[in-house]
Amino acid sequence: MDPQTWQKNSIRLLTVFNAILLGMSWVMMIQAYPRLPEFIPYWLNLGGQNVLRATKGPFFFIYPAAQTLFLLVFWLVGNIWVRKPELAEEKAPGTGGPVKSESQKDNRDLGGQVAAEEKKPGGQAEVGPDSGQAAAPGPALIYPVEKPDVSWKKREISPGRRAAFINLKKELVLLMMIFFNLIFIHIQRSLIWLAHGLSVGVNKFYFFSLIIIILLLIPYYRFRRSFL
């Protein structure tokens, strides 16, 4: 299978998973609402805070609404990053290495001629036949030689590679959205269970494990990107 086709299929699958998780969140909250007691928790002891309880009301659906809004904003911001053009640095075309300017080439040629003159017997430089002067020894002349200038330029990558980068970025955004969905679902389920007295709140190990996985997706993306 073509790599780009595989990437597109992966993006479609991740999009479906996100839609399923978001739909499950709404269905879970809607089905649980009629069965809740009259006095329910609205805030969990996630960071050591006290559990906030109040009378059951429509405010209970603030969590799936916040989840939907967060994912929408995250997707829009992620698309801005996805569409950002990738630039590749390379040496100037046709050089195969450092690029020398014309003045540097002239300095190199002049320095080579002086060195050749210094190597002649007696340390004397050649004198033209029309000069009328005898060759006389003199101090060796040292010309400063500039370091070669490496010219770099930035260019846009090829369309095929650019499409591969875009698809890879989309995969990263959708993967992060899946784990954000799981975080919201866990908070909502914890609220429901706490209202019925079935748990004491958020499972912190599971909650922070999801956050760590989201952070690990960044080096995972860089590892995948290095192959492109």
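Since the model is a prediction, treat every value here as computed from it, not as a measurement.

Calculation notes
- Residues numbered from 1 in each chain as written.
- Predicted model: local features only at pLDDT ≥ 70, side-chain atom pairs only at ≥ 80, totals over all residues.
- Heavy atoms only, no water.
- Helix = DSSP H or I, 4+ residues; strand = E, 2+ residues; numbered from the N terminus.
- Expected span 1.5 Å × (residues − 1).
- Buried < 20%, exposed > 50% of the residue type's maximum accessible area, 1.4 Å probe, protein only.
- Arc of directions from axis to C-beta.
- Contact = heavy atoms within 4.5 Å.
- Core = buried A, V, L, I, M, F, W, Y, C linked by side-chain atoms within 4.5 Å.
- Axes fitted to C-alpha atoms, helices over the stretch in contact; angles between N-to-C directions.
- Parallel < 35°, antiparallel > 145°, perpendicular 65-115°, else oblique.
- Left-handed = near helix turned anticlockwise from the far one by under 90°.
- Nonpolar A, V, L, I, M, F, W, Y, C, P; charged D, E, K, R; others polar.
- pLDDT = per-residue confidence, 0-100.

## Overview of helix H2 (residues 62-83)
So, point 1. For H2, built from 22 residues, the straight-helix expectation of 32 Å at 1.5 Å per residue is met to within 8% by its first-to-last C-alpha distance of 31 Å.
So, point 2. Those residues of H2 that fall on the buried side of the exposure criterion are Tyr63, Pro64, Gln67, Leu71, Gly78, Asn79 and Val82. The buried residues of H2 occupy an angular sector of 140° when the element is viewed end-on, so they sit on one face. What points out from H2, more than 90 degrees from its buried face, is the exposed set Leu69 and Ile80.
So, point 3. Taken together, the buried residues of H2 touch helix H1 (3-32), strand E1 (39-43) and helix H4 (159-195).

## Remarks on the side chain of Asn181
So, point 1. Examined against the element boundaries, Asn181 turns out to sit in helix H4.
So, point 2. When residues no more than four places from it in sequence are discounted, the contact partners of Asn181 are Asn18, Leu21, Leu22, Gln67 and Leu71.

## Here's the deal with the nonpolar core
So, point 1. Ranked by internal contacts, the top residues of the largest apolar core, which has 38 residues, are Phe60 and Ile183.
So, point 2. Residue assignment for this core shows that the elements contributing at least two residues are H1, E1, H2, H4 and helix H5 (204-226).
So, point 3. When residues in this core are grouped by element, the largest group, 18 residues, is from H4.
So, point 4. Other than its neighbours up to four places away in sequence, Ile183 contacts Phe207, Leu210, Ile211 and Ile214.

## Some thoughts on the packing of H1 against H2
So, point 1. Interaxial distance between H1 and H2 falls to 9 Å at its minimum, and their mutual angle equals 165°. The orientation of H1 relative to H2 falls into the category roughly antiparallel. The hand of the H1/H2 crossing is left-handed. Contacts between H1 and H2 pair Leu21, Leu22, Ser25, Trp26 and Met29 from the former with Tyr63, Pro64, Ala65, Gln67, Thr68 and Leu71 from the latter.

## So, the environment of Ala54
So, point 1. Of note, Ala54 is situated in strand E2 (residues 52-55).
So, point 2. Owing to a relative accessible area of 28%, Ala54 belongs among the partly exposed residues under this scheme.
So, point 3. Leaving out residues up to four positions away in the same chain, Ala54 has contacts with Glu38, Phe39, Ile40 and Tyr42.

## What about the packing of H2 against H4?
So, point 1. Where H2 meets H4, the axes come as close as 10 Å, and the angle between the chain directions of the two elements is 165°. Comparing their axes, H4 and H2 come out roughly antiparallel. By crossing handedness, the relation of H2 to H4 is classed as right-handed.
So, point 2. Each residue belonging to the contact of H2 with H4 can be placed in one class, and the counts come to 20 nonpolar, four polar and four charged.

## Points about the side chain of Gln188
So, point 1. Locating Gln188 in the fold gives a position in helix H4.
So, point 2. The contacts of Gln188, once residues within four sequence positions are left out, are Ser25, Met28, Met29, Tyr63, Pro64 and Gln67.

## A word on H1
So, point 1. Relative to the 44 Å expected for 30 residues at 1.5 Å per residue, H1 spans 43 Å between its end C-alpha atoms, a close match to the ideal helical length.
So, point 2. Within H1 the residues assigned to the buried category are Gln7, Ser10, Ile11, Leu14, Asn18, Leu21, Ser25, Met29 and Ala32.
So, point 3. Looking at the packing, one finds that the buried side of H1 touches H2, H4 and H5.

## Some remarks on the confidence of the model for the protein chain
Detail in the predicted coordinates should be disregarded across regions flagged by low pLDDT.
So, point 1. Here the protein chain averages 76 in pLDDT, while 66% of its residues score no lower than 70.
So, point 2. Scored below 50 in pLDDT, residues 89-103 makes 22 contacts in the model with residues more than four places away or belonging to other chains.
So, point 3. Here residues 123-128 scores under 50 on pLDDT; set against residues more than four positions off or in separate chains, the count is 13 contacts.

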